[in-house]
Structure formats: C-alpha cells, structure tokens
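Structure at a glance
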Amino acid sequence: AAAECMPPAMYFMDLMDINRMIDSQTESMFNQLFQSMEDSERTNIEANLNTLKAVRENIEETIQKLSRMEDDERIKRQVQSSLSGDVDTLTDLVEDCLKNCGQSGCEDSCGYQQLDKVRKLIQGIKDDFENGAGEFEETKEEARRQVMTYISETNKDMNGIIMRKVENDGMLEQCDKEKLDVFDQTKNPLWMVVNSTIFSEDQNPIVAVIDGLLPLVNESIEGYCQKDGPTTKPPEVENCNKDEYVKIADYVERVDQIIQENLFKPDDDGAKIQAQLGFLDVKKLFDKRIEELFNGDVKCPDELDKLKKEWMPSLNKCMAEFMNSNKQFSNMTRLERIQCTKELRVAMEARRAELLQKELEAIEAGGAGGAPEEA
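Criteria and cut-off values
Residues numbered from 1 in each chain as written. Predicted model: local features only at pLDDT ≥ 70, side-chain atom pairs only at ≥ 80, totals over all residues. Heavy atoms only, no water. Helix = DSSP H or I, 4+ residues; strand = E, 2+ residues; numbered from the N terminus. Buried < 20%, exposed > 50% of the residue type's maximum accessible area, 1.4 Å probe, protein only. Contact = heavy atoms within 4.5 Å. Core = buried A, V, L, I, M, F, W, Y, C linked by side-chain atoms within 4.5 Å. Disulfide = S-S within 2.5 Å. Phe/Tyr/Trp six-rings, centres within 6.5 Å; stacked < 30°, edge-to-face > 60°. Lys NZ or Arg CZ within 6 Å of the ring centre and 35° of its normal. Expected span 1.5 Å × (residues − 1). Bend = angle between axes of the 7 residues up to and from the residue. pLDDT = per-residue confidence, 0-100. Salt bridge = Lys/Arg side-chain N within 4 Å of Asp/Glu carboxyl O. 1 Å grid on protein atoms, 1.4 Å probe; cavity = no way out; pocket = protein on both sides within 12 Å on 5 of 7 lines; lining within 4 Å. Points joined across faces, edges and corners; volume = space filled by probe spheres on them. Axes fitted to C-alpha atoms, helices over the stretch in contact; angles between N-to-C directions. Parallel < 35°, antiparallel > 145°, perpendicular 65-115°, else oblique. Nonpolar A, V, L, I, M, F, W, Y, C, P; charged D, E, K, R; others polar.

**Structural notes on the overall build of the chain**
Of regular secondary structure, the chain possesses 12 helices and zero strands. Written out in order from the N terminus, the α and β elements of the chain read α-α-α-α-α-α-α-α-α-α-α-α. Looking at the chain residue by residue over its 375 residues, the buried ones come to 38%. Long-range contacts, defined as pairs at least 24 residues apart, comprise 73% of the intrachain contacts of the chain with a sequence gap of at least 6.

So this is what it looks like as structure tokens:
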C-alpha cells in the first residue's frame, strides 16, 4: 500500500515545520560564520545563508497563499508550482554538505552512531505503518517490542558508563559522554512512542509522535556533523540576571503556545500528543541553556540551579502527567489539563520579576549592568 500523505488542507503545517528547520539551520550557520577565519569558507556560508533565506521567504509566501484556498486540487497545484524549484535547491545543498562538510568524519563519532540508530529505528517503524507491512495490531506490537528492546539495551550501556565514571573518579571518555547525551535526549521521546503504541486505536497518533521526534534527531545529528562538533561556542556572559531574564522570555513564549493551542480548548488525543511534543521543545531549550552555562564555566550558578533543580523536574512532572495511562485526556477538565503547565509558567514569571527587582536594586546602588528590557 502507498504511504499516506498529509491532507492538502494541512500542507501549510508541514511547510511551517520546514521553515522552523530552516531557522534552526540558519542559526547554526551563523555560529559557524562567526567562528570561521577562512575567507573561502565564510563566502560559502554566506552564499548558503542567502539561499536559505530565499527558500524560506518563498515558503512563507506559499503558506499565505494556501491559507486562502479550500479546493484540494488547487492546493496541490499551488504547492507543486511554487516549491518544485526549492526542492531542487535544498537537495543540492544537502548533497554539497555531504561532499564538503565532513560527513565521513562525523559518522565516526559515537553520538552520531547512537542517534543514527534511533533515526533508523523510528523511521523503520513509521514506514511499516504507512506501507501497510501487516495487520495494525501486529505492527503496533512489533513497534513496541523494537523500541522497548532498544531502551533496555541502552539502559544496560548507561549502567556500564556510570560504572566507568565511578571507577575513573568522575571522568569519562568523549565517546561515553556523547552516548550519555543521546540517551538523555531520546529517552522520554522514545517512551512517548511506546505509550502511543499502547493506547492508540489507529496508526495516526503513533506516526504523529514519530514525525515530531524525527526533526529533533536529525537536528542533533547535524550538530555532530558540524566542523567543530555538537558543542557551540558559549556566548559571552555580560550580566547573569539580564541573560537569564531574556532566556525565560523564550521559555514562557513556548509554554504559552502549549497552553493556548493544545491544552486550553482542545480535548482530543491529537492535542495531547502536540502538547507532549511541545514539552519536548521546552526541554530542548532547557538542555541547550544548561550546556551553554557549563561551557561558560558556570559563571551563572543561580540560573543553572533554577533550571536543573526546579524547572526541569517540574517539566518532567508535566510530561509524566500526560503519559499517565490512568488519565484520559478527553476526560480531563480544562483546569486539570493546564494546571501543571500553568504552575511552571507562574514560577517562570515569578523568577523574571525577581531578576528585574535585583537589577533595579543594583542600579539604585550604583552597581554594574542595566535593568533587563521588557520582553
């Protein structure tokens, strides 16, 4: 059987996802541009940035056009006529990157290899569902078995790594560090896949979870294929309070989106899945900031403690709540749906108010820095 496609009326969602991926890649390329010292490399990066900018603008224009269309055939024709050139452009960029960006080298890293296992695992499961490899129940059970087997194997590997860390006075080889990073990053999403195979009555929720996970895995793989590996250059720390204040604005924006779009009004399982994927986005923001703080020699320990000891556990609590098989999303009241996430948001806003007050007091006392600008 042929793979199922997104209904034409929903094409715009796929296009929005593509633009988000372009934004992420653009940010990564800007970091490379700032770090590069070679004129030829900078020229190539600038050219690729301009190419991606043009593709993004065309996709955005196409999204606007699709929003005014209702006829499926007309939507298909519009997408084909507007984006066929962009498909060729992006394909060429990928091929150039595979030739020139050290693909063979990054494949040797343990982080790449571990992420590639996850990618092949979930892509294979998605293909089995979409290609009608067997009866739905059999395919679902096989998918669950495969993911559970992978989780079990990685747990054994993780225990071995932890033992080596203890034996070596807290020190780990780079390979083990990369494996631990991948295990931590993929553990919760893979359990979401398992849960979706337990409670879903058709393939759509399962495929939706995988579709949300694949871009995260691919983006992480790209990190290992950058010239300097997955670790980005830490930003210069000018003012801990101000930097934290700005970061919190990013977290609040994503949390608000989850509340408004997935928890406040919707009550179906699709909204539940999107909320879970939203929580993963927030976790990714937390993880990225924690990495930046460690790479910056933890010059802002208060912010690190807040993230690791308060907000990350709170976020995990919210994620676990929606993965609880005893709670049916459709039977939850609006207050029950938003309570945990709302509490996290309130805590973030309280922290922002605290930081603002600290900066104001510093100014009054003649201290360095300036009050954070309102976001």
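**Here's the deal with the environment of Thr333**
For Thr333, the location among the structural elements is in the loop between helix 11 (301–323) and helix 12 (334–364). The exposure class assigned to Thr333 is partly exposed, which follows from its relative accessible area of 43%. Separated by 70 residues in the primary sequence, Thr333 and Leu263 have C-alpha atoms spaced 9.8 Å apart.

**Regarding the nonpolar core**
Formed by 65 residues in total, the largest nonpolar core has its most connected members in Val147, Leu190, Leu263, Phe286, Trp311 and Met348. Elements supplying a minimum of two residues to this core: helix 5 (110–130), helix 6 (136–167), helix 7 (174–199), helix 8 (204–224), helix 9 (240–263), helix 10 (269–295), helix 11 and helix 12. Sequence-distant contacts of Trp311, defined by excluding residues within four places in its chain, comprise Ile248, Tyr251, Phe286, Lys306, Leu344, Ala347, Met348 and Arg351. Counting residues in hydrophobic clusters, the runner-up holds 17 residues, among them Tyr11, Ile45, Val55 and Met69.

**Structural notes on the state of the cysteines**
In the structure shown here, the tally under the stated rule is three disulfides. Put simply, Cys110 and Cys175 are joined by a disulfide, and their sulfur atoms are 1.9 Å apart. Taking the sign of the torsion about the S-S bond as the criterion, the disulfide between Cys110 and Cys175, at about -95°, is left-handed. With Cys110 in helix 5 and Cys175 in helix 7, the pair connects residues that are 65 residues apart, well separated along the chain. Taking the relative accessible area as the measure of exposure, Cys110 reaches 16% and is therefore buried. The partly exposed category is assigned to Cys175, whose relative accessible area is 24%. The side chain of Cys240 participates in a disulfide bridge whose partner is Cys300; the two sulfur atoms lie 2.1 Å from each other. Taking the sign of the torsion about the S-S bond as the criterion, the disulfide between Cys240 and Cys300, at about -85°, is left-handed. Of the two residues, Cys240 sits in helix 9 while Cys300 sits in the loop between helix 10 and helix 11, which places them 60 residues apart along the sequence. Taking relative accessible area as the criterion, Cys300 reaches 4% and is therefore assigned buried.

**Re the packing of aromatic side chains**
Counting across every chain of the model gives four aromatic pairs. Summarising the aromatic geometry, the rings of Tyr251 and Trp311 are spaced 6.3 Å apart at their centres and angled 80° between planes, so their arrangement reads as edge-to-face. Taken together, the positions of Tyr251 in helix 9 and Trp311 in helix 11 put the pair 60 residues apart, joining distant regions of the chain. Here Trp311 falls in the buried class, since its relative accessible area comes to 2%. An aromatic cluster is present here, built from Tyr251, Phe286 and Trp311 joined pairwise through their rings. Of note, Arg352 hangs over the ring of Tyr245, and the distance from its end group to the ring centre comes to 4.9 Å.

**Comments concerning helix 7**
Between its terminal C-alpha atoms helix 7 stretches 38 Å, which fits the 38 Å expected from 26 residues at 1.5 Å a residue. The largest bend in helix 7 comes to about 40°, at Lys187, with the proline Pro189 one to four residues further on.

**Digging into the confidence of the model for the chain**
When pLDDT is averaged along the chain, the result is 79; 84% of the residues meet or exceed 70. Contacts for the low-pLDDT stretch residues 231–237, under 50 throughout, to residues beyond four places or in other chains number 15 contacts. Confidence drops under a pLDDT of 50 for residues 367–371, and excluding neighbours within four residues, the segment shows 13 contacts in the predicted structure.

**What about the pattern of salt bridges?**
On inspection of all chains with the given rule, the structure shows 26 salt bridges. One salt bridge connects Lys53 with Glu57, and the closest N-O pair in it is separated by 2.7 Å. In this pair, Lys53 and Glu57 are both assigned in helix 2 (residues 39–66), four residues apart and thus about one turn of the helix distant. A salt bridge links Lys76 to Glu73, with the nearest nitrogen and oxygen atoms 3.7 Å apart.

**Quick look at empty space enclosed by the protein**
Counting across every chain of the model gives two cavities of 30 Å³ or more. The volume enclosed by the largest cavity comes to roughly 70 Å³. Around the largest cavity, the lining residues are Tyr150, Ile151, Thr154, Asn155, Met158, Phe183, Thr186, Lys187 and Leu190. Elements supplying a minimum of two residues to the lining of the largest cavity: helix 6 and helix 7.

**Side note on the environment of Lys187**
Secondary-structure assignment places Lys187 in helix 7. On the basis of relative accessible area, Lys187 is assigned to the partly exposed category, the value being 38%. Between the C-alpha atom of Lys187 and that of Asn155, which follows or precedes it by 32 residues, the distance is 9.6 Å.

**Some points on the packing of helix 7 against helix 8**
Across the interface, helix 7 lies against helix 8 with an axial gap of 9 Å and an inter-helix angle of 170°. With respect to each other, helix 7 and helix 8 are oriented roughly antiparallel. For the pair formed by helix 7 and helix 8, the contact residues are Glu178, Asp181, Val182, Gln185, Pro189, Leu190, Met192, Val193, Ser196 and Thr197 on the first element and Pro205, Ile206, Val209, Ile210, Leu213, Leu216, Ser220 and Tyr224 on the second. Here the contact of helix 7 with helix 8 is composed, by residue class, of 12 nonpolar, four polar and two charged.

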